[in-house]
Amino acid sequence: MEQQELNMRIAMSLLRQCAWVWEHCTKNANEGEFKLSEVLQGLGKRAYDSKPGYVMIMMDLCKYWEIFNKTQPIDGLTFDRKKMYATVKIENFSCSFFLKDVFYVTSRFCKWNCPSMASKARFCYKDGERWMVLPEVKAAPKARCTKKQKATISRTSSKCSTVSLSIADRLRAALRDRLAA
């Protein structure tokens, strides 16, 4: 799996966890539609100045997480109810954190690996209803062959290789082009 696809998969898992906590385990004063960064401000020291107001995570409401995860599983998630500890394990990536820190962990991961996903996510609260709008995950566009890649395709294979050329292959292609000219 390509690194970008893996990062998007991890980010979606973390955002789904944020959605569950937002919808079932939080309270805040102001209604509206908020970005992840605004929710984080609501959890901080100057929360009363933030757009959502003071956001409070009610950990006692999170006790049913494991039941939710069985009915609507979140990719790579395991949860320890006694410690309120979540672990995300997807392929060679593993991250563990206390559930109350899910917004911070998601923000940090998305900031460094796929910032557009965090900025597209919306946390909504209106008329006592809470929901989250998750960003759409689009499949990565298929790579196209460059002229140099096409030149190095073996005569027995008709498919284009999407793997970038190694230094040795690029040197061979450059020497062939130089000798042909």
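Below, the structure is looked at part by part.

Rules behind the numbers
Residues numbered from 1 in each chain as written. Predicted model: local features only at pLDDT ≥ 70, side-chain atom pairs only at ≥ 80, totals over all residues. Heavy atoms only, no water. Pairing = 2+ DSSP bridges. Helix = DSSP H or I, 4+ residues; strand = E, 2+ residues; numbered from the N terminus. Axes fitted to C-alpha atoms, helices over the stretch in contact; angles between N-to-C directions. Core = buried A, V, L, I, M, F, W, Y, C linked by side-chain atoms within 4.5 Å. Buried < 20%, exposed > 50% of the residue type's maximum accessible area, 1.4 Å probe, protein only. Parallel < 35°, antiparallel > 145°, perpendicular 65-115°, else oblique. Left-handed = near helix turned anticlockwise from the far one by under 90°. Contact = heavy atoms within 4.5 Å. Nonpolar A, V, L, I, M, F, W, Y, C, P; charged D, E, K, R; others polar. Expected span 1.5 Å × (residues − 1). Arc of directions from axis to C-beta.

Judged by pairing direction, the sheet is antiparallel, and its three strands sit side by side in the order β4-β5-β6 without closing on themselves. If you trace the sheet from one side to the other, it starts and ends with β4 (77–80) and β6 (93–98), each paired once. Put simply, the sheet's adjacent strands are angled 15° from each other on average, direction ignored.

The subject of this paragraph is the nonpolar core. One finds Leu14, Val21, Trp22, Phe97, Phe103, Met117 and Phe123 to be the most contacted residues of the largest nonpolar core, which totals 42 residues. Looking at this core, the elements that each hand over two or more residues are α1 (3–25), α2 (36–43), β4, β5 (85–90), α4 (102–113), α5 (115–120) and β7 (122–126). A per-element tally of this core places α1 first, with 13 residues.

Here we take up unusual backbone geometry. A negative phi holds for most residues other than glycine; trans holds for most peptide bonds. A positive phi angle, close to 55°, is found at methionine 84, a residue other than glycine. As for its position among the elements, methionine 84 is in the loop between β4 and β5.

Here the focus is the packing of α1 against α4. Contact geometry for α1 and α4: axes closest at 9 Å, N-to-C directions at 155°. Classified by the interaxial angle, the pair formed by α1 and α4 is roughly antiparallel. With respect to the hand of their crossing, α1 and α4 are arranged in left-handed fashion. Touching Asn7, Ile10, Ala11, Leu14, Leu15, Gln17, Cys18, Val21 and Trp22 of α1 are Val102, Phe103, Val105, Thr106, Phe109, Cys110 and Asn113, all from α4. Among the residues forming the contact of α1 with α4, the class breakdown is twelve nonpolar, four polar and no charged.

The next point concerns α4. With twelve residues, α4 should cover 16 Å at 1.5 Å per step; its first-to-last C-alpha distance of 16 Å lies within 8% of that length. Buried residues of α4: Val102, Phe103, Val105, Thr106, Phe109 and Cys110, and no others. Seen end-on, α4 carries its buried residues on one side only, within an arc spanning 160°. Structural note: α4 exposes Lys111 and Trp112 on the side pointing more than 90 degrees away from its buried face.

For the rest of this paragraph, the subject is the pairing of strand β8 (residues 129–133). Going residue by residue along β8, you find Arg130 and Met132 tucked away on one face and Glu129, Trp131 and Val133 left uncovered on the opposite face. As judged from the five bridges shared by β7 and β8, these two strands associate in the antiparallel manner. Bridge pairing links cysteine 124 to tryptophan 131 in β8. What sits between β7 and β8 in their antiparallel hairpin is a turn of two residues, with aspartate 127 showing a positive phi close to 55°.

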